[in-house]
Amino acid sequence: KLYSGVSKRSFWHKILQNNLKREYKKIMSIARYCIYSTEYLERRYQERYPHPGRSTTLYTVSEMPRLPEIKERQEFHLLYCGNLGVGRAEALAETAKVLYETDSRAVLDVYGKFVSKEDEAAVCGNPNVRYGGVIPYSEIPDRMSRADMVFHCENNDRLYNLRGAFSTKIADSLASGRPFLVYASREYPFVQYLERNKSAHIAETPEELAKVLSRCIEDDSYRKQYVENGVQLAGEKHSIAANCSRMCEILKETAQ
C-alpha cells in the first residue's frame, strides 16, 4: 500500500514507488488507448509516458437539465451543494464573511455533510449561512433554480493534492443554466478550463471575490453573462450522448 503520509526518505517507500513506476511503464507499452478525466492529466501523462495519438479526455458527464429561474426572495442567495471535506469548509467560511461584508442581507445556503464539528462551527457560525444538511440529489435541481448563483470552491492549500481533480458538481452547474461562481486559485486546471471557455465567474482572492459578488448582486446581466457558454460547454464536453459517441469511435479504432 502506498500511503500519502509516508516519509519520503523511507527506503522501502522509494523501492515501492520505483516498482510501481516500472510496472506502470509496462502497462503503457501495451495499452492501445488511454482515456483521461481532464486535459491536464492527459497532458501530464503524455509528457511522462509519451503515447501520441493514443489518448483523449472524456470529462465527467451530467444529466442535469437546463433549469428555470424561480425568484421568490428579494435577498441574494448563493448556493453550495456537495462535499464539505478536503478543506472546503475553510473556503466556505471565508466566502460567507466576504458575502456578509458585501451585502448583509445576502445568504449562503449550504447542503452537505461536514467532516468535523469544527468545520461546521467555522462555516455555520456566520450569521448569513443557512445550513440544510444532507438532502436527496432529486431535491438539488429545485434548490439550484431558487438560488441566484450556484457556487463551487477549493482550498488553495490543497492545490498539490487536488490539481488533477474535477468535481462532478462542475458539470451539473454548467448544464443547469444557472449563473456559476468559483472561488479558487487560477492554478487549478479546472479553473483554467472554466475561464478559458468563459463559462463561470472566477475569483481567487477575498478582494476579487468581493468585487465579483458586488457586481453579481447589483447587475443581473453581469451575473448571467456566462450562462449560455456554460450550457454550450456542458453539451460539448459533459454530455452522455457526446461521450458515448466518442467512446464508440475509440473502440472501433482500437479494435481494428
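A brief structural summary. The structure displayed is predicted, hence computed values, not measured ones.

**So, the packing of helix H3 (residues 88-102) against helix H9 (residues 206-218)**
Interhelical geometry of H3 versus H9 gives an angle of 50° and a closest axis separation of 9 Å. As summarised for this structure, H3 and H9 are arranged oblique, according to the angle between their axes. Pair H3 / H9 crosses with right-handed handedness. Along the contact surface, H3 presents Glu94, Thr95, Val98, Leu99 and Thr102, while H9 presents Pro206, Leu209, Ala210, Leu213, Ser214 and Ile217. Split by residue class, the contact of H3 with H9 holds seven nonpolar, three polar and one charged.

**Regarding the environment of glutamate 208**
Assignment of secondary structure puts glutamate 208 in helix H9. When the C-alpha atoms of glutamate 208 and tyrosine 183 are compared, they prove to be 9.3 Å apart, with 25 residues separating the residues in sequence.

**Remarks on the nonpolar core**
Core analysis: the biggest nonpolar cluster contains 29 residues, and Phe180, Val182, Phe190 and Leu194 have the highest contact counts within it. Of all the secondary-structure elements, those providing two or more residues to this core are strand S3 (77-81), helix H5 (140-146), helix H6 (159-162), helix H7 (168-176), strand S7 (180-183), helix H8 (189-196) and helix H11 (227-237). At four residues, H8 tops the list of elements feeding residues into this core. Setting aside chain neighbours within four positions, we find leucine 194 in contact with Ile170, Leu174, Phe180, Val182, Ser199, Ala200 and Ile202. Formed by 28 residues, the second largest nonpolar core is a distinct cluster that contains Leu78, Tyr80, Ala106 and Phe114.

**Concerning the sheet that holds strand S4 (residues 107-111)**
An order of S5-S4-S3-S6-S7-S8 is seen for the six strands of this open sheet, with the pairing classed as parallel. Taken across any chain shown, the strands that pair with only one partner, and hence form the sheet edges, are strand S5 (129-131) and strand S8 (201-203). The mean angle between the axes of side-by-side strands here comes to 25°, regardless of whether they run parallel or antiparallel. Along the sheet face, H3 touches S3, S4, S5, strand S6 (149-153) and S7 and points at about 135° away from the line of S6.

**Here we look at the pattern of salt bridges**
Going through the model one piece at a time under the given rule, you end up with 19 salt bridges. Of the charged contacts in the structure, one is a salt bridge between aspartate 142 and arginine 146, with a shortest N-O distance of 2.9 Å. Of this pair, aspartate 142 and arginine 146 both sit in helix H5, four residues apart, roughly one helical turn. Classification of aspartate 142 by relative accessible area gives partly exposed; the value is 30%. With a shortest N-O distance of 2.8 Å, glutamate 208 and arginine 186 are connected by a salt bridge. Here arginine 186 lies in the loop between S7 and H8 and glutamate 208 lies in helix H9, a separation of 22 residues in the sequence. Its relative accessible area of 22% is what places glutamate 208 among the partly exposed residues. Through salt bridges with shared partners, one network takes in Glu69, Asp220, Arg223 and Lys224.

**As for the pairing of S3**
Among the five residues in S3, five count as buried, and that is most of the element. The side-chain alternation of S3 yields two buried faces, one formed by His77, Leu79 and Cys81 and the other by Leu78 and Tyr80. Relative to S4, S3 runs parallel, the two sharing five bridges. Residue pairing for S4: leucine 78 is matched across the bridge by leucine 108. Read from S3 through H3 to S4, the crossover connection turns out right-handed.

**Some details on the packing of aromatic side chains**
One pass over the structure, following the stated rule, counts ten aromatic pairs. Ring geometry for tyrosine 45 against tyrosine 49: centres 6.4 Å apart, planes inclined by 25°, an arrangement best described as stacked. Residue classification places tyrosine 45 among the partly exposed positions, given a relative accessible area of 30%. Take tyrosine 49: its relative accessible area is 12%, and that puts it in the buried class. A ring pair is formed by tyrosine 188 and phenylalanine 190, whose centres lie 5.6 Å apart and whose planes are at 50°; its orientation type is tilted. Each member of the pair, tyrosine 188 together with phenylalanine 190, is buried.

The rules behind each value
Residues numbered from 1 in each chain as written. Predicted model: local features only at pLDDT ≥ 70, side-chain atom pairs only at ≥ 80, totals over all residues. Heavy atoms only, no water. Axes fitted to C-alpha atoms, helices over the stretch in contact; angles between N-to-C directions. Helix = DSSP H or I, 4+ residues; strand = E, 2+ residues; numbered from the N terminus. Parallel < 35°, antiparallel > 145°, perpendicular 65-115°, else oblique. Left-handed = near helix turned anticlockwise from the far one by under 90°. Contact = heavy atoms within 4.5 Å. Nonpolar A, V, L, I, M, F, W, Y, C, P; charged D, E, K, R; others polar. Core = buried A, V, L, I, M, F, W, Y, C linked by side-chain atoms within 4.5 Å. Buried < 20%, exposed > 50% of the residue type's maximum accessible area, 1.4 Å probe, protein only. Pairing = 2+ DSSP bridges. Salt bridge = Lys/Arg side-chain N within 4 Å of Asp/Glu carboxyl O. Right-handed = clockwise from strand over helix to strand, strands pointing away. Phe/Tyr/Trp six-rings, centres within 6.5 Å; stacked < 30°, edge-to-face > 60°.

None of this, on its own, says anything about what the molecule does.
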